[in-house]
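Geometric and topological summary
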Amino acid sequence: MTGYSRAKFPHWAGQYGECDTREVVLQRAARSHQREVIKRQQMALVCACKVANSSAPPV
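Read on for a plain summary of the structure. Note that the structure is predicted; figures quoted are calculated from it, not measured. Residue numbers here run from 1 along each chain, matching the order of that chain's written sequence. pLDDT decides what is reported in this predicted model: residues at 70 or higher carry local features, side-chain atom pairs at 80 or more are listed and counted, and totals for whole chains, interfaces and linings draw on all residues regardless. Only heavy atoms go into the side-chain values, all of them from the structure, while hydrogens and water stay out.

Looking at the pattern of salt bridges
The test is simple: Definition used for salt bridges: Asp or Glu carboxyl oxygen within 4 Å of a side-chain nitrogen of Lys or Arg. Working definition: helices are DSSP H or I runs of at least four residues, strands are E runs of at least two. Numbering for both runs from the N terminus. The rule is simple: take the accessible area with a 1.4 Å probe, protein chains only, and divide by the maximum for that residue type; under 20% is buried, over 50% is exposed, in between is partly exposed.
Counted according to the given criterion, the structure contains two salt bridges. The salt bridge partner of K39 is E36, with a shortest N-O separation of 3.6 Å. Taken as a pair, K39 and E36 lie in helix α1 (residues 21-52) at a separation of three residues, close to a single helical turn. For K39, a relative accessible area of 47% translates into the label partly exposed. Note on E36: relative accessible area 31%, which makes it partly exposed. If you follow the salt bridges from partner to partner, you end up with E36, K39 and R40 in one network.

Structure (structure tokens):
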């Protein structure tokens, strides 16, 4: 690509240790996704527990 220079886009600058900005963002996204999965699993357990403890007649 004419005129393109990666040096003009330092947004993947180093963060801490060996990580660059891209790696930090990917790690954060993965942690966020993992928290969402855990939250959904916990909600499913709560709902299952409520159904198991319900005094409603079976359908």
